[in-house]
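One-letter residues, chain by chain:
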Amino acid sequence: MKKRNTIKKNISILLALTLLCMVIAGCGKTSSSNTDAPSAEAPSDSQDAATEAAEDTSAEASETETAEAPVQPVEMIKIRAAYHPNLGPMSIPGIDAKMGYFAEEGLEVEWLKFTSGAPEIAAMASGDLQFGYIGQGALKLCAEGQADVISLSHLTNSEAILVRADSGIASFEDLKGKKVATELGTNGEVLLNMACEKYNVSRDEIEVINMPISNAIAAFIGGSTDAVVAWGPDLTNIKNNVDEEMLAVVETKDFVDSVPFLGSWIGNPDYIEENQDIVQRFQRALNKCYDYRASHLDETIQAAADFAVGKDIGVSYDDLNSERDQLVFFNLEEEKEWVSSGHMEELFQLQLNYMQGQDQIGADVSVTDYVRLDLIQKALETQ
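In this text, all values refer to a predicted model and were calculated from it rather than measured experimentally. (Residues numbered from 1 in each chain as written. Predicted model: local features only at pLDDT ≥ 70, side-chain atom pairs only at ≥ 80, totals over all residues. Heavy atoms only, no water.)

Trainee: Tell me what's going on with the overall build of the chain, and back it up with residues and numbers.
Mentor: The secondary structure content of the chain amounts to 16 helices and 11 strands. Looking at the chain alone, contacts between residues at least 24 apart form 80% of all its contacts between residues at least 6 apart. If you sum the accessible surface of the chain, you get close to 19500 Å²; carbon and sulfur atoms cover 49% of it. (Helix = DSSP H or I, 4+ residues; strand = E, 2+ residues; numbered from the N terminus. Contact = heavy atoms within 4.5 Å. Areas by Shrake-Rupley, 256 points an atom, 1.4 Å probe, with all protein chains shown as cover.)

Trainee: Which residues make up the pairing of strand β10 (residues 262–267), and what values go with them?
Mentor: Moving residue by residue along a regular strand, the side chains alternate between the two faces of the sheet. With respect to burial, β10 is a largely interior element, six of its six residues being buried. In β10, alternate side chains face the same way, and those of Leu262, Ser264 and Ile266 on one face and Gly263, Trp265 and Gly267 on the other are all buried. Judged from the six bridges that link them, strand β4 (residues 148–156) and β10 form a sheet pairing that is antiparallel. Looking at β10, one finds that His154 is bridged to Gly263. (Buried < 20%, exposed > 50% of the residue type's maximum accessible area, 1.4 Å probe, protein only. Pairing = 2+ DSSP bridges.)

Trainee: For the packing of helix α3 (residues 87–99) against helix α12 (residues 297–311), give the residues involved together with the corresponding values.
Mentor: Running from N to C, α3 and α12 cross one another at 85 degrees; their axes reach a closest spacing of 7 Å. Put simply, α3 runs roughly perpendicular to α12. Contacts from Leu87, Met90, Ser91, Pro93, Gly94, Ile95 and Lys98 in α3 reach Glu299, Thr300, Ile301, Ala303, Ala304, Phe307 and Ala308 in α12. Counted by class, the contact of α3 with α12 contains nine nonpolar, three polar and two charged residues. (Axes fitted to C-alpha atoms, helices over the stretch in contact; angles between N-to-C directions. Parallel < 35°, antiparallel > 145°, perpendicular 65-115°, else oblique. Nonpolar A, V, L, I, M, F, W, Y, C, P; charged D, E, K, R; others polar.)

Trainee: Could you give an account of the nonpolar core, naming the residues involved and the relevant values?
Mentor: One finds Phe102, Trp111, Ile161, Phe172, Leu175 and Phe282 to be the most contacted residues of the largest nonpolar core, which totals 96 residues. Per-element tally for this core: the top contributor is helix α11 (residues 276–295), with eight residues. Apart from residues lying up to four places away in sequence, Trp111 is in contact with Ala81, Tyr83, Ile92, Pro93, Asp96, Phe102, Trp265, Phe282, Phe307 and Lys311. Core analysis: the next-biggest nonpolar cluster, separate from the first, contains 16 residues, Ile213, Ala216, Val228 and Ile238 among them. (Core = buried A, V, L, I, M, F, W, Y, C linked by side-chain atoms within 4.5 Å.)

Trainee: I'd like a rundown of the sheet that holds strand β8 (residues 227–230), residues and numbers included.
Mentor: In spatial order, the strands read β7-β6-β8-β5-β9; together these five strands make up an open sheet with mixed pairing. Looking at strand neighbours, the two that pair on one side only are β7 (207–210) and β9 (246–251), the edges of this open sheet. Each adjacent strand pair in this sheet contributes to an overall mean axis angle of 25 degrees, direction not counted. Relative to β7, strand β6 (residues 179–182) is paired through four bridges, and the arrangement is parallel. For Ala181, the partnering residue across the bridge sits in β7 and is Ile209. Of the strands in this sheet, β5 (160–164), β6, β8 and β9 are in contact with helix α8 (residues 213–221), which crosses β8 at around 150 degrees. Contacts between helix α9 (residues 233–241) and the sheet are confined to β5, β8 and β9, with β8 contributing the most and set at about 145 degrees to the helix.

Trainee: For the side chain of Arg372, give the residues involved together with the corresponding values.
Mentor: By secondary structure assignment, the location of Arg372 is in the loop between α15 (343–357) and α16 (373–381). Side-chain polar atoms of Arg372 contact the side chain of Glu273, separated by 2.6 Å. Ignoring any residue separated from it by four or fewer positions in sequence, one finds Arg372 in contact with Asp148, Val149, Ile272, Glu273 and Gln276. (Polar contact = N/O pair within 3.5 Å; in protein donor to acceptor, adjacent residues only side chain to side chain.)

Trainee: Quick rundown of the sheet that holds strand β3 (residues 131–134)? Include the residues and the values.
Mentor: In a beta sheet, neighbouring strands are held together by backbone hydrogen bonds and run either parallel or antiparallel to one another. Spatially, β2-β1-β3-β10-β4-β11 is the arrangement adopted by the six strands of the open sheet, whose pairing is mixed. In this open sheet, the two strands that pair with only one neighbour each are β2 (107–113) and β11 (327–328). Where β4 meets β11, two bridges bridge the pair, whose relative direction is antiparallel. Note on β11: the bridge partner recorded for Thr156 is Leu327. Sitting on the sheet, α15 is in contact with β4 and β10, with an inclination near 85 degrees to β4.

Trainee: Describe the pattern of salt bridges, listing the residues and the values that go with them.
Mentor: Overall, the coordinates contain 14 salt bridges when judged by the stated rule. Arg284 is the partner of Glu105 in a salt bridge, and the nearest nitrogen-oxygen pair spans 3.0 Å. Placement of Glu105 in the loop between α4 (101–104) and β2 and of Arg284 in helix α11 is noted, with a sequence separation of 179 residues between them. The exposure class of Arg284 is buried, given its relative accessible area of 17%. (Salt bridge = Lys/Arg side-chain N within 4 Å of Asp/Glu carboxyl O.)

Trainee: Residues and numbers for unusual backbone geometry, please.
Mentor: Positive phi outside glycine occurs at Asn200, with the angle close to 55 degrees. Unlike most non-glycine residues, Asp312 shows phi in positive territory, near 55 degrees. Checked against the element boundaries, Asp312 lands in the loop between α12 and α13 (317–321).

Trainee: I'd like to hear about the packing of aromatic side chains, residue by residue, with values.
Mentor: Tallied over the entire structure, the rule returns 11 aromatic pairs. Their ring planes at 80 degrees and their centres at 5.2 Å tell us that Tyr83 and Phe307 sit as a pair that is edge-to-face. Remark: Phe307 occurs in helix α12 and Tyr83 occurs in strand β1 (residues 77–83); sequence separation between them is 224 residues. Here Tyr83 and Phe307 have matching classes, each one buried. Ring centres of Trp111 and Trp265 lie 6.1 Å apart, and the angle between their planes is 70 degrees; on these two criteria the pair is classed as edge-to-face. Of this pair, Trp111 sits in strand β2 while Trp265 sits in strand β10; the two residues are 154 residues apart in sequence, bridging distant segments of the chain. You can call Trp265 buried: its relative accessible area is 0%. Every member of this aromatic cluster is reached through a ring pair, and the members are Phe102, Trp111, Phe131, Tyr133, Trp265, Tyr271 and Phe282. A cation over an aromatic ring shows up here: Lys198 above the ring of Phe255, its NZ or CZ 5.1 Å from the ring centre. (Phe/Tyr/Trp six-rings, centres within 6.5 Å; stacked < 30°, edge-to-face > 60°. Lys NZ or Arg CZ within 6 Å of the ring centre and 35° of its normal.)

Okay, structure coming up:
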């Protein structure tokens, strides 16, 4: 009896142990299931970190791709442009050497020195020159259709007719029968013609000697002529090389209210029509130079002087600085206002009125026939 009770007791313990193992196994299965299959609605911290890391990596990769994207270089085009050896026009290659505005527009410019507009226009017609600077005198050739104005550079009051103060010549009328040297087709001839009209003196009453302006100055300094019509640093050159006191019997400022003296950049009409992209680049670079020049005149004069030294032109800083008060410059915003208000066209119209009044140009010619205000405005709209 005692043995049966022992066996029954052992069976009960065995059954209890078996049930306990089953419970433990069931709990372990449930815990493992919860760990392996987390709820989709409640992502774990490890998942959040992984997602953020992936997004950051993607953003960094995108930024790297953007930063490393190659910048398309501007196509560099070689051109030739003419300047004159005085402050207004020579400031442009000087600023170009300092600031690189033409290179920014994809233009590699070979700057060539000229002293008058007619030879430039001939060089453009032959294809040896693409752009050039001209003064008042050569605008007549533009009105005749030989070239188009693509930019107004500045206004000038630097021209004068000089005589020796002790020569007995006290007024323009006293030049009757006297020798007057200048280069025809330049601002010098324009001023001479305007003076003849104002003071009722016929050109036939004056012995006008036509020669390159450098020769005209040398002739006057040497005493071979009674008067010279010159401008810019040449006036300073004369005063520095003549012991006697100089007298200006006529100056540009005497006509400022009737005929403005304009400095302009020009191109051959056919070249302009066939290469408008290059023209626009050239105009934009000029506009940048104008804007810099208007607010950095001292630096501009130095840049022009440095350019002159590099080209061995023989024009000093003092020569150029003597012109600073004889020229009217403008900045980019003023240029835009001059174009939009019609003021720029009015300046050229006054000059054309004078030429037509002198029967130099036909009455049927209009400013827009040779001044490309459309291209000037188009270039300014992108700046």
